[in-house]
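The primary structure of each chain is shown beneath.
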Amino acid sequence: MNKKVLVFGSGISGIGACQLLEAVGKDVVLYDGNTSLDPDGIKTQIGEGTKVEVVLGELSDDVIDSLELVVMSPGVPTDLPIVNKMREMGLPIWGEVELAFTYGKGDVLAITGTNGKTTTTALLGEIMKNYKESVFVVGNIGNPYTTEALHMREDSVAVAEISSFQLETIHAFRPCVSAILNITPDHLNRHHTMENYIQAKEDIAQNQTEEDTCVLNYEDEVTRKFGESLKAKVLYFSSQHRLEKGIYLDCGNIVYCQEEPVVVCHVNELKLLGTHNYENVMAAVAMAAAYGVPMDIIRKTIKEFAGVAHRIEFVCEKNGVAYYNDSKGTNPDAAIKGIQAMNRPTLLIGGGYDKDSEYEEWIESFDGKVKYFVLLGQTREKIAEAARRLGFENIIMTESLEEAVATCAKLAEPGDAVLLSPACASWGMFKNYEERGDKFKSYVNAL
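Note that residues are indexed from 1 along each chain, following the sequence as it is written. Per-residue local features are limited, in this predicted model, to residues with pLDDT of at least 70; the limit for side-chain atom pairs, both in listing and counting, is 80 or more; totals at the level of whole chains, interfaces and linings are taken over all residues. To obtain the side-chain values, all non-hydrogen atoms of the structure were used and water was disregarded.

Draft legend 1. Examining the packing of aromatic side chains more closely. Aromatic rings from Phe, Tyr and Trp, taking only the six-membered ring of Trp, are treated as a pair when their centres fall within 6.5 Å; an angle between ring planes under 30 degrees marks them as stacked, one over 60 as edge-to-face, and anything in between as tilted. Following the criterion strictly, the structure yields eleven aromatic pairs and no others. A ring pair is formed by Y353 and W427, whose centres lie 5.1 Å apart and whose planes are at 70 degrees; its orientation type is edge-to-face. Taken together, the positions of Y353 in the loop between β17 (346-350) and α15 (360-364) and W427 in the loop between β20 (417-420) and α18 (433-445) put the pair 74 residues apart, joining distant regions of the chain. Ring centres 5.7 Å apart and planes at 80 degrees place the aromatic pair F366 and F392 in the edge-to-face group. With F366 in the loop between α15 and β18 (370-375) and F392 in the loop between α16 (380-389) and β19 (395-397), this residue pair connects regions lying 26 residues apart in the sequence. Strands are runs of DSSP state E lasting at least 2 residues, helices are runs of H or I lasting at least 4, and numbering of each runs from the N terminus.

Right, here's the structure in full:
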């Protein structure tokens with residue numbers, strides 16, 4: 001009897017895994033504990049003519065006994081009793097990254113870290129597309145690795161954003177260049193301890209050899225120490241120290257040093273703003289250089305790169321005023337990075353849905369940069385009160401995002417910036433932060 005493969009979880013990754021497994025001739029069972037899902041709807045997503053068996057709710061012993069492999073979706077915890085039971089029976093527990101790596105061809109450049117993964121992955125993807133013909137940008141960035149694996153050739157490059165959840169279930173996965181951008185507490189509800197979380201991140205390099213390279217953040221205590229224990233060649237990046245070897249910031253220049261220091265560019269030539277973004281750029285440059293991409297291709301690409309949509313994204317300049325969309329700044333912590341990144345006097349648009357946040361720390365981070373604070377949405381009174389308590393008085397209340405943009409355009413002078421960085425969720429006024437950011441861009445472009 002043919003043994004089957006179980007795909008655990010029916011999200012975008014699970015669907016991609018089913019499609020790949022069917023394409024390579026496997027019998028597939030898709031399992032999800034949620035009984036309210038529609039099996040026919042799931043099959044429609046997998047595609048016409050699928051023979052995947054969909055099981056919801058309970059997983060019977062008969063099904064478990066028929067399996068040769070389990071493929072976990074990243075959203076499903078790997079320590080569930082049912083998963084532990086299958087593990088104890090000797091079933092291999094893979095993740096979709098392991099599955100895609102097994103069937104994909106070519107080289108893999110993989111990026112993990114708590115913050116900055118998407119920007120770094122998108123930028124490295126652009127660099128590679130300017131260097132090679134067959135490039136796939138995959139993983140946590142929204143394009144499942146499993147969906148693209150079978151389209152890859154021997155000369156392909158996959159640039160993969162990999163989360164800690166995905167790294168829990170790798171076995172043979174081996175990128176020729178990897179990077180850990182930073183590690184700060186996150187997802188502890190899933191990993192339970194900081195040690196487990198760090199271990200998951202560090203696993204990105206577990207199968208790398210002396211031929212491979214791992215790019216690490218010199219300013220992060222955890223990753224700096226990790227570099228001392230690796231088989232792979234280590235390349236550090238640093239925003240605070242000059243390095244004898246590696247890539248670093250020096251008087252605003254990004255300098256790459258292997259034998260001799262080479263100036264890549266000055267940060268003022270970039271469209272990305274803020275030290276956290278300069279670190280993302282350095283990581284992408286180091287990875288591309290380690291892979292052998294010529295510096296002129298790297299240099300040209302990083303100067304043209306405008307960032308990821310809705311993350312301190314440069315929209316345009318009108319009448320000498322630069323407009324930035326940071327709609328993804330849906331909490332005060334993220335919005336602090338937005339205002340810290342501004343390098344000119346700023347008119348700040350904030351407010352939205354109330355997630356019970358406190359706004360004092362955000363307002364304290366303005367650091368004299370904010371000329372006008374233009375507020376909208378459910379939280380505008382709460383934010384205005386906090387601002388006045390801290391002595392900030394230049395506050396304008398508006399009824400809509402369109403009105404907020406028009407108000408800023410009227411008050412801004414050449415040399416100013418207008419920044420949408422709400423520190424709040426978008427619900428109530430918009431479906432999601434993407435819609436809010438898209439509306440902002442269309443109002444700005446229509447000025």
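Draft legend 2. Expanded view of the sheet that holds strand β2 (residues 27-32). Two strands pair if DSSP finds at least two bridges between them. Spatially, five strands are ordered β3-β2-β1-β4-β5 in an open sheet, and the strand pairing comes out parallel. The strands lining the two open edges of the sheet, one partner per strand, are β3 (53-56) and β5 (93-95). Here the strands of the sheet are splayed against their neighbours by 25 degrees on average, with no regard to which way each runs. In terms of strand pairing, strand β1 (residues 4-8) meets β2 through five bridges, oriented parallel. Opposite V7, over in β2, you have L30 as the bridge partner. Strand contacts of helix α1 (residues 12-23): β1, β2 and β4 (67-72), with the helix running at about 165 degrees to β1, the strand carrying the most contacts. For this analysis, residues touch if any pair of their heavy atoms sits within 4.5 Å. To obtain an axis, a line is fitted to C-alpha atoms, over the contacting stretch when the element is a helix, and the angle between two such axes runs from 0 to 180 degrees between their N-to-C directions. On the sheet, helix α2 (residues 39-46) packs against β2 and β3 and is oriented at approximately 140 degrees with respect to β3.

Draft legend 3. Up close: the environment of N115. Along the chain, N115 falls in the loop between β6 (107-112) and α6 (117-129). With a relative accessible area of 40%, N115 lands in the partly exposed category. C-alpha separation for the pair N115 and T184, spaced 69 residues apart in sequence, amounts to 8.3 Å. The residues contacting N115, other than those within four sequence positions of it, are L181, N182 and T184. Only protein chains enter the area calculation, which uses a 1.4 Å probe; residues under 20% of their type maximum are buried, those over 50% are exposed, and those in between are partly exposed.

Draft legend 4. Focus on empty space enclosed by the protein. Computed over the protein atoms alone on a 1 Å grid, cavities are sets of points where a 1.4 Å probe fits but cannot get out and pockets are open sets with protein on both sides within 12 Å along at least five of seven lines; a residue lines them when it has an atom within 4 Å of a point. Grid points are joined across faces, edges and corners, and a volume is the space filled by probe spheres set on the points. Applying the stated criterion across every chain, the model contains one cavity of 30 Å³ or more. Taken as a whole, the largest cavity holds about 60 Å³ of empty space. The wall of the largest cavity is formed by 13 residues, among which G351, L376, M429, F430 and R436 lie closest to the centre. Three residue categories are used. Nonpolar comprises Ala, Val, Leu, Ile, Met, Phe, Trp, Tyr, Cys and Pro, charged comprises Asp, Glu, Lys and Arg, and polar comprises the others, including Gly. Split by residue class, the lining of the largest cavity holds eight nonpolar, four polar and one charged.

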